[in-house]
Amino acid sequence: MAAAKSSDGSGPLSRKGRAIGRALHLPFTGTAKGIRRATHAHGAGESGLGKLIELHAVNGAGDVMVTVALASTVFFSVPTDEARGRVALYLAVTMAPFTLLAPVIGPLLDRIPHGRRAAMAGAMLARALLALAMSGVVATGGLELYPAALGVLVSSKAYGVVRSAVVPRLLPPRFSLVKANSRVTLAGLLATGAAAPIGVGLQQIGPAWPLYGACALFIAGTVLAFTMPHKVDSAKGERKAMLLEHALLHGHGEAPRRPGLRTVGPSVLHGLQANAAHRMLSGFLIFFLAFLIREHPLSGQSAAVSLAIVGVSAGVGNACGTAIGAWLKARGPEVIIATVLLLTLGVAACAALFFGGLMVAVLGATAGLCQALAKLSLDALIQRDVPEEVRTSAFARSETLLQMAWVVGGAIGIALPLNGSLGMAVAAGLLATGAALSVRGLLSAARRGTPHPRVA
């Protein structure tokens, strides 16, 4: 006799199949719904900030896939001396042209104020195509890899500039700029942490596979960028921002000054100086400690484990700093920047005096935490103090300066002898220079206050 069927015409076998399908499907749908609830919480879904958070998570995951592919080719696959040469070549070949191209990014984006979604989508699509192009040459590590890497870097910076400029347009009610920036950044960090082991696993299949993964992620980001709210494209008449005050003479008088970073008060410039010190420290520690630990691992650990300990410490510090930023109030970014710079300086000085594995890990965690807080606060200062019509260009110029500071720090780290105490003393010197230039001005600006903050 045939088995009885239920009212919907299905038998026990088909019902069991559907139950198994639901069981297998539930972890993915449940995770997706949980992520959507988190990114769209506290009004972020209604304002559109949730969409930007998701887009930035995809961006971070794609970037780390590219990083895994390049690191295995440029750094880990060759002896230390050859690796130093390759890394120096990478910095020179990619960053020298970037120095010339970066000043063009801001004005170019200023000309498309109604196309910010298209600009972010274009940056994603460009990286998808470049990742695919690099997949064919990554195994050999030839010079043809570097122009594509330059293109990925420029596209990534272009995306970052536009992303920072649209955050004020997507603020939910009662959200501070620091809190919004921190939620976006934290999403990128979490996605980076999740994608990194996946990238390493793909690397075991073949050197090109992380780049295939990056290509897929960037294509998804291209689509996601166009789902952003239309209000991110509503800016009109944006003009070019300048690091120095500029005026045009008209007849016998002086025309109104174009908005520039000096014309909006000292907070932005001093915040930029402090962040440049943090970024220089970041570049220095990445390259100096990478080569130092390869030659002199932490006591009782292999070089790979030692690098992982330092990397995880810095990553955890960065994530904690970003998370702390989510609870900070809108006021006081100048005080935050000054405080975290002095804190990092103190830890670096201790690392120079008492150099060892523990102090290196503590410095990495402190540097990551403080750099995250300082950058969130700088973004809030630019979004608060720079007029909207020049804000995109101001972000472009600040990102360019910070990238150059990172390269300078990295170059010092590559060139310096592999002596731990000397390296930490140099790190403390870089921070001390930044503190001498910026802390007094930041605290003075904080005491004066900002009577008319500009928030989009």
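Computed from a predicted structure; not experimentally measured.

Engineer: Would you mind going over the overall build of the protein with me for this structure?
Structural biologist: For the protein, the helix and strand inventory stands at 14 helices and 2 strands. In the protein, buried positions account for 53% of the 456 residues. Within the protein, residue pairs in contact and separated by at least 24 positions form 82% of the contacts whose partners lie at least 6 positions apart. Surface exposure of the protein reaches about 20600 Å², of which carbon and sulfur atoms provide 68%.

Engineer: Is there a simple way to explain the packing of helix 5 (residues 116-135) against helix 8 (residues 209-225) in this structure?
Structural biologist: At their nearest, the axes of helix 5 and helix 8 sit 8 Å apart, and the two run at 165° to each other. As judged from the angle between their axes, helix 5 and helix 8 are roughly antiparallel. The two elements helix 5 and helix 8 meet at a crossing, and its hand is left-handed. Taken together, the residues of helix 8 that come into contact with helix 5 (itself represented by R117, M120, A121, M124, L125, R127, A128, A131, L132, M134 and S135) are L211, Y212, A214, C215, F218, I219, G221, T222 and A225.

Engineer: I keep staring at the pattern of salt bridges and nothing clicks. Help me out?
Structural biologist: Oppositely charged side chains can form a pair if their charged atoms are brought close together. Scanning all chains against the criterion turns up 4 salt bridges. Members of the salt-bridge network, linked through shared partners, are E334, R384 and D385.

Engineer: I would appreciate a short explanation of the environment of A446 in the present structure.
Structural biologist: Here A446 lies in helix 14 (residues 420-448). Note on A446: relative accessible area 29%, which makes it partly exposed. Counting along the chain gives 179 residues from A446 to S267, while the straight-line C-alpha distance between them is 8.1 Å. Among all residues touching A446, those that are not within four sequence positions of it are E334 and V335.

Engineer: Quick question: what am I supposed to make of helix 8 here?
Structural biologist: Two residues of an α-helix separated by three or four positions point the same way, owing to the 3.6 residues in each turn. Relative to the 24 Å expected for 17 residues at 1.5 Å per residue, helix 8 spans 24 Å between its end C-alpha atoms, a close match to the ideal helical length. All of the buried residues in helix 8 are P210, L211, G213, A214, C215, F218, G221, T222, L224 and A225.

Engineer: Would you explain the nonpolar core in this entry?
Structural biologist: Proteins that are soluble and globular tend to have nonpolar side chains buried together. Of all hydrophobic cores here, the largest spans 48 residues; its most connected members are L49, L52, L55, V66, M120, M134 and L211. Contributions of two or more residues to this core are made by helix 3 (49-76), helix 5, helix 6 (145-166), helix 7 (177-205) and helix 8. Here this core takes 12 residues from helix 3, the largest share from any one element. In this structure, M134 is in contact with V66, L70, L145, A148, A149, V152 and L211, ignoring residues within four places of it in sequence. Core analysis: the next-biggest nonpolar cluster, separate from the first, contains 45 residues, L363, L378, M424 and A428 among them.

Engineer: In this structure, what is going on with a nonpolar patch on the surface? I would like to understand it.
Structural biologist: On the surface, a nonpolar cluster with roughly 410 Å² of combined accessible area is contributed by L132, I205, W209 and Y212. What makes I205 exposed here is its relative accessible area of 57%.

How each quantity is defined
Residues numbered from 1 in each chain as written. Predicted model: local features only at pLDDT ≥ 70, side-chain atom pairs only at ≥ 80, totals over all residues. Heavy atoms only, no water. Helix = DSSP H or I, 4+ residues; strand = E, 2+ residues; numbered from the N terminus. Buried < 20%, exposed > 50% of the residue type's maximum accessible area, 1.4 Å probe, protein only. Contact = heavy atoms within 4.5 Å. Areas by Shrake-Rupley, 256 points an atom, 1.4 Å probe, with all protein chains shown as cover. Axes fitted to C-alpha atoms, helices over the stretch in contact; angles between N-to-C directions. Parallel < 35°, antiparallel > 145°, perpendicular 65-115°, else oblique. Left-handed = near helix turned anticlockwise from the far one by under 90°. Salt bridge = Lys/Arg side-chain N within 4 Å of Asp/Glu carboxyl O. Expected span 1.5 Å × (residues − 1). Core = buried A, V, L, I, M, F, W, Y, C linked by side-chain atoms within 4.5 Å. Patch = residues over 30% accessible without salt bridge, like charges linked within 9 Å, V, L, I, M, F, W, Y side chains within 5 Å.

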